[in-house]
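Summary of structural features
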Amino acid sequence: MKSILLLLIFFSALMALDIEVVSWKIPNGQTALLEFNETEGLEYKSVVVGKKSFTIFSKPNNMEQKYVLIPFSYYEKAENKTLKIKYIQDGTTKIQRLLLKVINGKYEKEEIHVSSAKVNPKSKEVKQRISKEYNEAMKIYSNVTQKSYISKPFIAPLSSKITSAFGKARVYNGSLKGYHSGTDYRAAMGTEIVAANDAKVALVKKRFYSGGTVLLNHGQGIYTCYFHMSKFNVKEGQMVKQGDILGLSGKSGRVTGPHLHFSARINAVQVDPLQLISILNKNLLTGN
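Attention in this report is confined to the structure presented alongside it. (Residues numbered from 1 in each chain as written. Predicted model: local features only at pLDDT ≥ 70, side-chain atom pairs only at ≥ 80, totals over all residues. Heavy atoms only, no water.)

**With respect to the nonpolar core**
The criterion, for reference: To qualify as a nonpolar core, a set must consist of buried Ala, Val, Leu, Ile, Met, Phe, Trp, Tyr and Cys residues joined through side-chain atoms within 4.5 Å. Burial classes follow relative accessibility: with a 1.4 Å probe on protein chains only, a residue under 20% of its type's maximum area counts as buried, one over 50% as exposed, and anything between as partly exposed. Put simply, DSSP H or I for four residues or longer makes a helix, DSSP E for two residues or longer makes a strand, and each gets a number counted from the N terminus. Any two residues whose heavy atoms approach within 4.5 Å are treated as being in contact.
Leu-69, Val-214, Leu-216, Tyr-226 and Leu-246 are the most contacted members of the largest nonpolar core, which has 36 residues in total. When contributions to this core are tallied by element, the ones reaching two or more residues are β8 (62-71), β17 (199-207), β18 (211-219), β19 (222-232), β22 (259-266), β23 (269-271) and α2 (273-283). Residues in contact with Leu-69, not counting those within four places in the same chain, are Thr-31, Ala-32, Leu-33, Phe-54, Ile-222, Ile-266, Leu-276, Ile-279 and Leu-280. Judged by nonpolar contacts, the second largest core, of 22 residues, contains Ala-32, Leu-42, Val-68 and Ile-85.

Written out as structure tokens, the structure reads:
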């Protein structure tokens, strides 16, 4: 879909902000994209939504054009959201507001049966481990670098059937335990998993819930995640190219069988990975 052009007029200064908004209506759990065209005498800085501030970056393949990704959590309420665009004009910081509407994604439910030990762990040690792993991951996701490592469109981490989409309410052993935070791909044991794009490896670890885990930092707050792996082929801090083998699929962690759980985070917010990749590929990484 072509971006919709929004022209915001500053009546006080007779200055216009030239902004392209991909969609005015964003389902919960998805990501909004705003593109900023160069305007003489004006420097774009950030977009504030509620208490969160999102940096406006240069596009990966065009340093003269700017963009910002605004992630909306799965738990975001369906309502209008005010976006405060901060910019500098003639040495003065100014703000322009616009509205986006978050709508209900109308996600389905699915019931899953796994080991009870993976649903309601009782052990103090296990609970401490889960908490430690969560805090470690959130610290990683919160690291937003100015540099982008990507320069080409994203690819899928493997070529197979999607068995469970993002956002489905997860009912484990009859008890609602949240939602499906990624996209599941069918993968027999030992299937090669590849990097969806160029990145720096941020984490390689066996975790309680996600099992064999690789987290990739693509820069500018964009992360992709690869769960339930049986073998690793990369190390933390290593630079990888799109298509490099990260390791092999498995059935580690909280699973019903071997598969790959693929997910994404923007500024630490969990979002639909395929919707994110779609808007990035269509709008930022096409060479336009």
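There's plenty left to go through after this.
**Quick word on the pairing of strand β5 (residues 42-49)**
The condition that has to hold: Paired strands, in this sense, are two strands between which DSSP finds at least two bridges.
Here β5 lies mainly inside the structure; 6 of its 8 residues are buried. Bridge count between β5 and strand β9 (residues 80-89): 7 bridges; the pairing is antiparallel. Following the sheet pairing, Val-47 is matched in β9 by Ile-85. Counted between consecutive antiparallel strands, the loop separating β5 from strand β6 (residues 52-55) contains 2 residues, among which Gly-50 sits at a positive phi close to 65 degrees.

**Comments concerning empty space enclosed by the protein**
Filter applied, for reference: Buried and open spaces are told apart on a 1 Å grid over the protein atoms alone, a cavity being a set of points where a 1.4 Å probe fits but cannot get out and a pocket being an open set with protein on both sides within 12 Å along at least five of seven lines. Residues with an atom within 4 Å of a point are the lining residues. Grid points are joined across faces, edges and corners, and a volume is the space filled by probe spheres set on the points. Residue polarity follows a fixed list, in which Ala, Val, Leu, Ile, Met, Phe, Trp, Tyr, Cys and Pro are nonpolar, Asp, Glu, Lys and Arg are charged, and the others, Gly among them, are polar.
As enumerated under the stated definition, the model contains 1 cavity of 30 Å³ or more in all. The space that makes up the largest cavity amounts to roughly 60 Å³. Forming the boundary of the largest cavity are Phe-54, Thr-55, Phe-57, Val-68, Leu-69, Val-144, Gln-220, Ile-266 and Asn-267. Looking at the lining of the largest cavity, the elements with two or more residues in it are β6 and β8. Of the residues assigned to the lining of the largest cavity, the class counts are 6 nonpolar, 3 polar and no charged.

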